[in-house]
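# Observations on chain architecture
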Amino acid sequence: MIKKALKPALYFTVFLAAIQFSVTGCTNTNKDAGSGDLKNQENVGNEEPLFTIKDGEAFIMKSVNNNPVYGSNGTGGYTYGGDPSVLADDGTVYLYTGHDMSTDNEVSKAIYNIPEYICYSTTNMSDWKEEGTVFRLDTENVTWARNSSSAWASQVTKYNGKYYLYFCTWDKTSLGKQSIGVAVSDSLTGGFKDIGRPLVQGTLTSPENSAWDDIDPTVWTCTDGNGTIHHYLAWGNSKFYICELNEDMVSVKDLNGDGKITCGSKEDNADIINNQEGLDYFTEAPWLYQRQDKDQKYYGKYYLFYAYGWRERMAYAVTDDPLHGKWDFGKILMFPTATSNTNHMAVFDFKGKTYFVYHNGSLPGGNGYRRSPCITELHFNDDGSINPVRETAAGINGTVYKIALKDGSEISHEFFINSSGDNEYPYSGIKTGTGIGMEGDNEWVITAGKSDTDNEAYISIQSENKPGLYLTAEEEGSITLAQDADATEETAKKQTFHSITGLDGNNGVSFESVAQPGMYISVKDGLLCLSDGSDATGATFYISRQ
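Presented here is an overview of the structure given in this document. (Residues numbered from 1 in each chain as written. Predicted model: local features only at pLDDT ≥ 70, side-chain atom pairs only at ≥ 80, totals over all residues. Heavy atoms only, no water.)

Strand order in the open sheet formed by five strands is β11-β12-β13-β15-β14, with mixed pairing between adjacent strands. For this open sheet the edge positions go to β11 (218-223) and β14 (263-264), each flanked by a neighbour on one side alone. Sheet topology places strand β12 (residues 229-235) next to strand β13 (residues 241-244); four bridges connect them, and they run antiparallel. Of the residues in β13, the one forming a bridge with alanine 234 is isoleucine 242. (Pairing = 2+ DSSP bridges. Helix = DSSP H or I, 4+ residues; strand = E, 2+ residues; numbered from the N terminus.)

Spelled out as structure tokens, the structure:
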């Protein structure tokens, strides 16, 4: 996580020609939308039909196991967790996050309230099991901690049958600065005990830009060509630091043998290296990684993934030597998310695939202080470069839909690049309609209705490429794309629709507003709005899998 922006962001400008529409409610125009040949609701071959009809209601097949991978408890409450890290061990993936518990008042004051680390696990990358709290970062468990609400980013690793949780928090023994700590356990899912002192004190590293430069630890163990085992520990905010750990995993290696631990540049005779070369716009959230071959042996260059600029993008660089080598910048992989100012990744291999974990604020009530972990696949090219990563609502398991009128005109939202300016968030009032947007803006994830998840005829429609933003019935009659930023029942109703038999025929469906019963999602003059449904063609839609 980051306290504030310390580096200027790199801005990307896209010049678009756009037609301006006025967004108002619909009235009956009796305008025929056409007579296309859409039969995508029917059962094709052995595919399950996308919806069934009973007593006038349409029961649409919902997308499940979407992003974020956990968060909703099914009873209207949410568990938020940010700064994800992952350890794949013995056929199981363990996903760790800090437990984000900031109240609305704390969010308004930009206060992180993170009292503990929690864990979820999976054996199939689809069904996640809640493992609970693995380590409470309070002043009783961590005697050098300044408070009990700052369980900032962590990573768990395994070595010689033990598990090590590297973390960071405010340190009352280091002039109140952030420091790196470590706790040890015989289990991945609990029993972690702090070693009783900081592993790296914030007063040790220099030069510094702030009191929170020593955050976001990442650890990597590997064996070099000579058979020597190395344990690399890296961390930083605005400054990137890296060192080697001793065999005990809880102390910094005295590389120069002078009997003390010092910090310097890669040219200095130091033990902790501050090496920024090649790390363009390094902000925070480093993650060390090396590729595996088909026999699960590590090879090739070392990758450093990190948060780039503000609002945070995700980028990577590579090197042959993490301690003293030059980092060669790769590319920006992911742009800022639509719902969180920060981001933090974890990269890991499991059952022959490489996965990229990140966080956003896409759950109801989410934001940069109440975050949620998401997962997608990571794909390498033959030269070792990495393909860009897209934020998605469906994730690796969900179903993506397209929604169209009878004439084939697809519903979409207007195109926009997530802003680097914090004042643009949370997003609301985004135009929706037909013939607007760009590639990907016409993809949707249909989930259980947010206002009543037990009513099978209720749905909510989330943007696939702007996770956390839903079709929303506004009071004046427009249908916009907006974030559920407050998690209230009022917002849930605005973003919930009753699916019924198409007003223009059984082959389609119509969507009645739960917030405004008797009013239906419709298209008028190319924009989505609410109408009384008297223009049945403009209020009947046809769904298909992407």
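All right, on to the side chain of threonine 342 then. Relative to the helices and strands, threonine 342 is located in the loop between β19 (328-334) and β20 (346-350). For threonine 342, a relative accessible area of 1% puts it in the buried group. Within polar-contact distance, the side chain of threonine 342 engages the side chain of histidine 359 at 2.9 Å. (Buried < 20%, exposed > 50% of the residue type's maximum accessible area, 1.4 Å probe, protein only. Polar contact = N/O pair within 3.5 Å; in protein donor to acceptor, adjacent residues only side chain to side chain.)

In this section: a negative patch on the surface. Negative charge collects at one region of the surface, where Asp452, Asp454, Glu456 and Glu489 lie side by side. Checked against the element boundaries, glutamate 489 lands in helix α2 (residues 489-494). The exposure class assigned to glutamate 489 is partly exposed, which follows from its relative accessible area of 43%. (Patch = residues over 30% accessible without salt bridge, like charges linked within 9 Å, V, L, I, M, F, W, Y side chains within 5 Å. Areas by Shrake-Rupley, 256 points an atom, 1.4 Å probe, with all protein chains shown as cover. Salt bridge = Lys/Arg side-chain N within 4 Å of Asp/Glu carboxyl O. Lys, Arg positive; Asp, Glu negative; His and termini not counted. Charge placed at Lys NZ, Arg CZ, Asp CG, Glu CD.)

Attention shifts here to the pairing of strand β5 (residues 116-122). Counting buried positions along β5 yields seven of seven residues, so the element is predominantly enclosed. Of the two faces of β5, the one carrying Glu116, Ile118, Tyr120 and Thr122 and the one carrying Tyr117, Cys119 and Ser121 are both buried. Pairing between β5 and strand β6 (residues 129-136): six bridges, direction antiparallel. Paired with glutamate 116 across the two strands is arginine 136, which belongs to β6. The turn joining β5 and β6, which pair antiparallel and follow one another in sequence, is formed by six residues; a positive phi near 65 degrees is taken by methionine 125.

None of this, on its own, says anything about what the molecule does.
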